[in-house]
Structure formats: structure tokens, C-alpha cells
Amino acid sequence: MKFPFISELDSTVGVSDWYLLIMIISFLVSLFIMGPYIITYLDGLSVMYRFNSPDSDIRYPEFSPFGRIVVVLLSCINIGLGLSSVLFGAGGREANAVSYLLEASVWPLLFVGIRLFLYQTVNSSLYKSQAIKLKTSRWNGFFIMAFSAYGFCVLVLTSVVLFLELSPLVLVICMSILLLLAEIGLIFKIKTTLFKNKCSNTRFILYFCALELGPIILLLVLLGVFFS
């Protein structure tokens, strides 16, 4: 396994047959699962940056519990496709394309798992005490919608970068910008909808550090330990 430095991301990467097959299947399955909810996705994502919106504006696809698990796993694979193309060369120069893809998919799965666990435990307690007015299940659905939309966008960007033979650095920049936009939207809705702009700045900062920054820092620490 070779972890590339940024200076090494200025060349194009090849694509193995297995990697390409998984990418095509993942794209078709994503369209099959998420396609019927395209209007809901567009409405829900547009709400992320809307100021002082009511609870009714928190929209998300009404997936079943099993459907939520499937869409989360699929999104982790989509993100893993992007990560593996940067970290391991998309299988073009390596024989273990599938194992590298699975390895790269573990990190977004760990990230979303930690976030959902924190949301469920903390928000349930806050809702019972009426510190927040939005039900935990609705916020979880909203987060899963944002995460799955990010995963699909990463899949599309990965396809464009690979098939146009662009530098992996382009994908790194695009994924980072998308992630930043998604986090900004979630933070904005935490303040304007989850807490209804009625919480103190101290409580908001504590919530933000524990449930938003905490999982990111933990994931970066684990990545650092793993790749060291």
C-alpha cells in the first residue's frame, strides 16, 4: 500500500476493470434508490441554507429503516470510490482494487456511524427535555439525506476525473469543497431549526464541538494512526 503525498497527485490514474464495474453498478443502484426521491432531495438540500425556516421545511426521503441502512452503505461505497482513486490509484496500478475500495469505504462508514450514534443519544435527551423541538428521527433523516447526496456527488466527480484523465488533485479539491458546503449547511440548520435560534451561544458551541467537530477530529486521529 502506498499513501501518496500531495506532490504526487499531479498525474492521472488508470482504472482497473473491477473498479470500473463497481463504479457502474454503484451509479445504477444509486439512481434506482435515490432517483424516485429527486424532488425531495432538491427541496431538502435547498433548505440547508435557508434562514429561519420552520420545522416543516426539514424535508428528506422517507426511506424505511432498512432503506436508510442501504443508502448509507451505498453512499460509503460512493465516497470510498473517490478516496481509493486518490489514495490507492483506482486499481489502475494496483492489483487489489476491490480490497482497496473496501478499505477506503470503512472510513466514511465509521464517520457516519459515529455521527448518527451521537445524534441519536444526545438529541433524544435534548428532545425529551424540550431543549430542541425537532424529533431525533427527523434530524437523522435530514443528515442521511445530506450524506447520501454528498456520496452521489463524489461518485459523479470521481467518474468525471477518471474518464477525462484529470489529476486526482482536482478530485481532492472538489470533495473538500463539497464537504465544506455540506458541513456549513448542517451547522446552519442546527442553529436555525434544531435549536430555533433560542439556545445560548455557549450551548451551541458545546453541541457543535461534541457532535460536529468531535467525529471529524476522531476520524483524522484514526487515519493518522492507521497510515503511520
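For the structure, check the block above.
Given the structure is predicted, the values throughout are model-derived calculations rather than measurements. (Residues numbered from 1 in each chain as written. Predicted model: local features only at pLDDT ≥ 70, side-chain atom pairs only at ≥ 80, totals over all residues. Heavy atoms only, no water.)

## Quick look at the packing of helix α2 (residues 38-47) against helix α5 (residues 136-163)
So, step 1. At their nearest, the axes of α2 and α5 sit 10 Å apart, and the two run at 105 degrees to each other. With respect to each other, α2 and α5 are oriented roughly perpendicular. Facing α2, whose interface residues are Thr-40, Tyr-41, Gly-44 and Leu-45, α5 presents Phe-142, Met-145, Ala-146, Ser-148 and Ala-149.
So, step 2. Considering only residue class, the contact of α2 with α5 consists of 6 nonpolar, 3 polar and no charged. (Axes fitted to C-alpha atoms, helices over the stretch in contact; angles between N-to-C directions. Helix = DSSP H or I, 4+ residues; strand = E, 2+ residues; numbered from the N terminus. Parallel < 35°, antiparallel > 145°, perpendicular 65-115°, else oblique. Contact = heavy atoms within 4.5 Å. Nonpolar A, V, L, I, M, F, W, Y, C, P; charged D, E, K, R; others polar.)

## Thoughts on the packing of helix α1 (residues 17-34) against helix α3 (residues 65-87)
So, step 1. Direction vectors running N to C along α1 and α3 enclose 145 degrees, while the axes themselves pass 10 Å from each other. Of the two elements, α1 crosses α3, and the hand of that crossing is left-handed. Between α1 and α3, the residues in contact are Tyr-19, Ile-22, Met-23, Ser-26, Val-29, Ser-30, Ile-33 and Met-34 and Val-70, Val-71, Leu-74, Ile-77, Asn-78, Leu-81, Gly-82, Ser-84 and Ser-85, respectively.
So, step 2. Split by residue class, the contact of α1 with α3 holds 11 nonpolar, 6 polar and no charged. (Left-handed = near helix turned anticlockwise from the far one by under 90°.)

## Considering the nonpolar core
So, step 1. With 38 residues, the main nonpolar core has Val-71, Trp-139, Leu-194 and Tyr-207 as its most contacted residues.
So, step 2. Elements supplying a minimum of two residues to this core: α1, α3, α4 (97-128), α5, α6 (168-194) and α7 (201-227).
So, step 3. Here this core takes 11 residues from α5, the largest share from any one element.
So, step 4. In this structure, Met-23, Leu-81, Leu-155 and Leu-162 belong to the second largest nonpolar core, which totals 6 residues. (Core = buried A, V, L, I, M, F, W, Y, C linked by side-chain atoms within 4.5 Å. Buried < 20%, exposed > 50% of the residue type's maximum accessible area, 1.4 Å probe, protein only.)

Any functional reading would require information beyond the geometric quantities listed.
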